[in-house]
Amino acid sequence: MTISDDKKYVMNTYGRYPITLSKGSGTKVWDTDGNMYLDFVAGIAVNAFGHCYPPIVDAIKSQAETLIHCSNLYWNENQIELAKMIAENSFGDKVFFANSGAEANEGAIKLARKYASIKYGDKRYKIISAKNSFHGRTFGALTATGQIKYHKGFGPLLEGFKYVNYNDIDDIYDALDDDVCAIMIEIIQGEGGIHEGSLEYLKKVREVCDENDIILIVDEVQTGIGRTGKLFAYQHIGIEPDVMTLAKALGGGVPIGAIVAKENVAVFKPGDHASTFGGNPLACAAGIAVMNEVTKEGFLDDVVKKGEYFKEKLNGLKDRYKVIKDVRGKGLMIGCEVDLDDAGEIVLKALEKGLLINCVNHNVLRFVPPLIVTTDELDTAAIILDDVLHEMGF
Ligand SMILES: *Cc1c(COP(=O)(O)O)cnc(C)c1O
C-alpha cells in the first residue's frame, strides 16, 4: 500500500505529513522506511502511555480473547467497573459511554436540553460556547465549535447556539437569557491554540451557572486523563462542572468517549440516548487499564514536573529565538506560539529530524507527548527544536 493508493481510495479529509507510521513503542514511532521519531503528537493527546504500553496491551489482548463486543441490551462488567473508576475519581456520579469526543459532546448537549426541558419546558434550549473552541465535527459538536472555518459549507447548523469571547465574563452576562440551558467550555482550549481559561473567569462561569440553574459542561476530551497534571483539568480551578466529556486518552488508543454527570443532571431514561459500540467490553478493558495507571500514586506529580521542565527548556529557546512569542499550557499540554503566519515549516523540519509535533491555529506548536515521556526524551525534543530554529535562521 502506498500514498498514491491512499489518494485513490481514502477520502481526502486530512492534510497529512509525508510519512506512513507502522509501529510504536513508548514515546517512539517508526515509519515504513524504518525511520524513528519521538512522538510528541501521541495520536493528538490520545496515547497517554505511549505506544504498546504493556498493561494496556495485556488488557486488550485478554479481553479480545474473552468478549470483544456485546450489546447494551445486556450488562457488561467492564463498563460498570470503568464507570465506577471515573465516578470515584471525579465530581461525577453517572457515566454514559460513547466512542469519540464528538459523540460524547453530542450526548452532553442532549442531556443538558433534556434536563432543562423537564424542569422548564421546551423554551430553554440554548447552549453558550466560546469562540475559538473545538468540540468535534458532528452537527451538534460542530455547531458548538466557535470557529467559522469549521462551519463553512455545512449550513444550516443546529439552532440554539450562542458564542462568547473566551475569558470574558461580561460576554457571558450579555448572552444570558432565560432560554439558555447550558454553557459548554474547555478549561484549556486545545485546538484553538492552547489558551488557558483564567481562574477567575472559570469560577465566575460556575457562579453564573449556579445562579441560573444552567448546566456547566466542561469538555475535557483533550485535557482529561492526566494531560494537564491533574486527572481532570477542572481540578486546577477548584470548581466542579455538572457534566464533563472525555475521549482521547481514556482508551489508551482504543476509541472510547464518555459523558460524566452529577446525579441530579443524569436525567436520561431508557430510550433517550444510546450507542451500539459505546462502552463495549474491549474499549472499557483498555479504559480500566488506563485509569489504573494514571491514578497510581505519584504519577501525576511526575507529569507536572516534566511539564515544568519542558516549559523551562522552551522558555530557554524563547530567550534565544525572538520568533518564539509565548510558551504556555499546563502539565504536558504545552503550546509555543511563534511569530509566523504559519508554523508548518517548523513542524516539517522537526519531522525530518525525528520529532513529531503539530501546529494548531496556524502559529502555535503543540507538544502533547505521552505522559510517560522521559526527561531525556524531553531534552532530545528541545535539542531538535533548537536545531530547526537555528537552521531556519531565526
Ligand atoms: C479532539 C477533541 C474533540 C473531538 O473528539 P473526536 O474524538 O475527534 O470526535 C472534542 N473536544 C475537544 C476539546 C477535543 O480536543
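Further up the page is the structure itself.
The structure reproduced in this document is the subject of the present report. In this text, all values refer to a predicted model and were calculated from it rather than measured experimentally.

**Side note on helix H5 (residues 101-120)**
So, point 1. With 20 residues, H5 should cover 28 Å at 1.5 Å per step; its first-to-last C-alpha distance of 28 Å lies within 8% of that length.
So, point 2. Within H5, the full set of buried residues consists of Gly101, Ala102, Ala104, Asn105, Gly107, Ala108, Ile109, Leu111, Ala112, Tyr115 and Ala116.
So, point 3. One side-chain oxygen of the residue at the start of H5 lies 3.1 Å from the amide nitrogen of glutamate 103, identifying that residue as serine 100.
So, point 4. Positioned one or two residues after H5, glycine 121 has a phi angle of 85°, which is positive.

**Structural notes on the sheet that holds strand E12 (residues 257-261)**
So, point 1. Read from one edge to the other, the open sheet built from 7 strands follows the order E4-E12-E11-E10-E7-E5-E6, with strand pairing classed as mixed. At either end of the open sheet lies a strand with only one pairing partner, and these are strand E4 (94-98) and strand E6 (161-164). When the angles between neighbouring strand axes are averaged without regard to direction, this sheet yields 20°.
So, point 2. Relative to strand E11 (residues 243-246), strand E10 (residues 215-219) runs parallel, the two sharing 3 bridges. Each residue of the ladder has a partner; that of isoleucine 217, found in E11, is valine 243.
So, point 3. Lying on the sheet, helix H9 (residues 199-212) is in contact with E6, strand E7 (180-185) and E10; it crosses E7 at an angle near 160°.

**Description of the nonpolar core**
So, point 1. Counting residues in hydrophobic clusters, the biggest one holds 93 residues, and the most contacted among them are Phe40, Leu365 and Phe367.
So, point 2. A total of 8 residues in this core trace back to one element, the largest contributor, which is helix H10 (residues 281-294).
So, point 3. Shared between two domains, this core takes at least three residues from each, and those domains are domain 1 (3-53 + 299-391) and domain 2 (55-294).
So, point 4. In contact with phenylalanine 367, not counting residues within four places along its chain, are Phe40, Phe310, Leu314, Leu332, Met333, Ile334, Cys336, Ile357 and Leu385.
So, point 5. Ile127, Phe161, Val243 and Ala261 belong to the second-largest nonpolar core, a separate cluster that totals 22 residues.

**Things to note about unusual backbone geometry**
So, point 1. A cis amide bond links glycine 155 with the next residue in sequence, proline 156, at an omega value of -5°.
So, point 2. Tracing the sequence through the fold places proline 156 in the loop between helix H7 (148-151) and E6.
So, point 3. Look at alanine 45: it is not a glycine, yet its phi comes out positive at around 60°.
So, point 4. Here alanine 45 shows up in helix H2 (residues 42-45).

What counts, and at which threshold
Residues numbered from 1 in each chain as written. Predicted model: local features only at pLDDT ≥ 70, side-chain atom pairs only at ≥ 80, totals over all residues. Heavy atoms only, no water. Helix = DSSP H or I, 4+ residues; strand = E, 2+ residues; numbered from the N terminus. Expected span 1.5 Å × (residues − 1). Buried < 20%, exposed > 50% of the residue type's maximum accessible area, 1.4 Å probe, protein only. Polar contact = N/O pair within 3.5 Å; in protein donor to acceptor, adjacent residues only side chain to side chain. Pairing = 2+ DSSP bridges. Axes fitted to C-alpha atoms, helices over the stretch in contact; angles between N-to-C directions. Contact = heavy atoms within 4.5 Å. Core = buried A, V, L, I, M, F, W, Y, C linked by side-chain atoms within 4.5 Å. Domains from an automatic or database assignment.

By themselves, these are just geometric observations and shouldn't be taken as functional.
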